[in-house]
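Observations on chain architecture
One letter stands for each residue in the lines below.
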Amino acid sequence: MLEIQRIRQEKEAILAGLAKRNIDASQTIEAILETDQNWRSAKTQLDQVAAEMNQLARTIGELFKSGQQAEASALKEKTSVLKTQEAELKVQVNALEESLQALLYTLPNVPNELVVQGREAEDNQNIFEAGTIPQFGFEAQPHWDLAKKYKLIDFELGVKVTGAGFPFYRGKGARLQRALIQFFLDEAIAAGYEEFISPHMVNEASGYGTGQLPDKEGQMYYVKEDDFYLIPTAEVPLTNIYRDVILPDGNFSIKMCGYTPCFRREAGSYGKDVRGLNRLHQFDKVEIVRVEHPDNTAKALDEMLEHVKNLLDKLELPYRILRLCGGDMGFASALTYDFEVYSAAQEKWLEVSSVSRFDTFQANRLKLRFKDDKKTTLCHTLNGSALALPRILASLLENHQTANGIQIPKALQAYTGFSVIE
RNA sequence: GGAGAGGUGUCCGAGUGGUUGAAGGAGCACGCCUGGAAAGUGUGUAUAGGUCUAAAGCUUAUCGAGGGUUCGAAUCCCUCUCUCUCCGCCA
């Protein structure tokens, strides 16, 4: 959520920024400013009436104390007019506040200066490539065939027990999955992130805190009985640890990581995009989350990019980094880098990580601030996948396949306990 | 799930209708005292908003959350929520 003060002061800059998302926000901004103006004047009136009421109540109290019943009763009658006024103004103020809030919720974050205007994936900027795309002397098999051949994943069984998008991992497939989680966590911990095991369901307030609510209810599984949402990413519980928190000084750098399953309804997805492991309703992910002083955000983002690069290097996978264009960025993000791994048999790039800075956008909703001398200032938040498992698994299988089996990268062998899947 | 007790500021803790944004204490910050420290002593110590060029000042709201009663609510009533104790159930 953008700060209202910022909209008042930097209207033009915000409009220019949002244009990079192909959004013409001028009408919304005008509506916001007008509502804000109306709200403020109504609020001022309400405050004045309330002040008068308070003054009267105090006087009445004193009169009663000194036994001047008649005078007190006379004053009491005066209050009835004020009371009606106050009630009316209160309704007005509340209504304006609500519509202001609703309008603010509709505005996405303003893109960083590095972000280019663009509409779709083709407009993203390729800023880095590493690794080599393997050449096979045989016909490479897609991961769903490999998974079946080596009995690593059973999609049909998942359909039977739950539904599409909820696969079973079995045998070495399960072991490989567990190895990856452990590997990712160990790497994150080595990089200074504190590990958390979080709840897998969150309440409504947390959904609002990180921006899943309102509007994206349809993306989350919802437990009606208890009003809980299944988390779509560990970002939600981890970031919400800092909801309604004021850090005591500006000297902080909070680094958290956590493994969780992630639940996504993915309503509207279909076709070959969802084949095999490409898109699941439940998948595993290790997430890294940071809360930073605004001065440190750029550096933190760089560190996170390096961290993910390092993971992919160790897994010996060919990958590239894209800086997302305005139209392809998430709602809350100011700057996002996507990591894509080349999947040798599907012959396409698969997104395996998304690293973003949100600046004050989430912090404003979360009310996450720090004390700076006497002022309280909003913190910055960042997060990134490090990494999401299914597509990593898919590309491991596809890129490291040989005629006789699947080679496990060296860095992983200590975790899997085997070096090849035959 | 049933019965009961409770949720007050950074912490402890008082407060059952009238200058209570909130006694008292601890902690913390700054000052005085001291050769230095401790002790002692003084002052300060929430958040969000409105008004204001800004600061100061003035003002509104906030004692788990929301609503209600009242001229006036931390204090009374209702709903929800969380914590604790006992019982029940249970990995």
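Right above here is the structure, for reference.
This write-up is about the structure you can find in this document. The structure displayed is predicted, hence computed values, not measured ones. (Residues numbered from 1 in each chain as written. Chains lettered and ligands numbered in written order. Predicted model: local features only at pLDDT ≥ 70, side-chain atom pairs only at ≥ 80, totals over all residues. Heavy atoms only, no water.)

Thoughts on the sheet that holds strand S14 (residues 368-372)
Strands sit in the order S8-S14-S15 across an open sheet of three strands; the sheet is mixed. Each having just a single partner strand, strand S8 (245-247) and strand S15 (375-378) make up the two edges of the open sheet. Neighbour-to-neighbour, the strand axes of this sheet turn through a mean angle of 35°, independent of strand direction. Pairing analysis gives three bridges linking S8 to S14, with the strands arranged parallel. (Pairing = 2+ DSSP bridges. Helix = DSSP H or I, 4+ residues; strand = E, 2+ residues; numbered from the N terminus. Axes fitted to C-alpha atoms, helices over the stretch in contact; angles between N-to-C directions.)

Notes on the packing of helix H2 (residues 11-19) against helix H3 (residues 26-65)
Direction vectors running N to C along H2 and H3 enclose 150°, while the axes themselves pass 10 Å from each other. Here H3 runs roughly antiparallel to H2, going by the angle between their axes. Both H2 and H3 take part in a crossing whose hand is right-handed. Here Lys11, Ile14 and Leu15 of H2 come into contact with H3, specifically with Ser26, Ile29, Glu30 and Leu33. Its residues assigned to classes, the contact of H2 with H3 comprises four nonpolar, one polar and two charged. (Parallel < 35°, antiparallel > 145°, perpendicular 65-115°, else oblique. Left-handed = near helix turned anticlockwise from the far one by under 90°. Contact = heavy atoms within 4.5 Å. Nonpolar A, V, L, I, M, F, W, Y, C, P; charged D, E, K, R; others polar.)

Some details on the side chain of Gln177
With respect to the secondary-structure elements, Gln177 resides in helix H7 (residues 172-190). With a relative accessible area of 5%, Gln177 lands in the buried category. Sequence-distant contacts of Gln177, defined by excluding residues within four places in its chain, comprise Tyr169, Asp284, Leu389 and Leu393. (Buried < 20%, exposed > 50% of the residue type's maximum accessible area, 1.4 Å probe, protein only.)

Quick word on the state of the cysteines
Evaluation of the coordinates by the stated rule reveals zero disulfides. Its sulfur unpaired, Cys257 is 14 Å from the next cysteine sulfur, which belongs to Cys262. (Disulfide = S-S within 2.5 Å.)

Re the protein's contact with RNA strand B
Near RNA strand B lie 22 residues; those nearest to it are Thr44, Asp47, Arg369, Lys371 and Thr376. Sugar and phosphate atoms form 73% of the subset of RNA strand B atoms that lie within 4 Å of the protein. In the model, a base nitrogen of RNA strand B is placed 2.6 Å from a nitrogen or oxygen of the Asp47 side chain. At 2.9 Å from a base nitrogen of RNA strand B is found a main-chain nitrogen or oxygen belonging to Ala57. For the surface near RNA strand B, the elements supplying multiple residues, two or more each, are helix H1 (4-9), H3, helix H4 (69-106) and S14. It is H3 that contributes the most residues to the surface near RNA strand B, 13 residues altogether. (Near = heavy atom within 4 Å. Polar contact = N/O pair within 3.5 Å; in protein donor to acceptor, adjacent residues only side chain to side chain.)

From the geometry alone we can't say anything about function, so treat these as descriptive.
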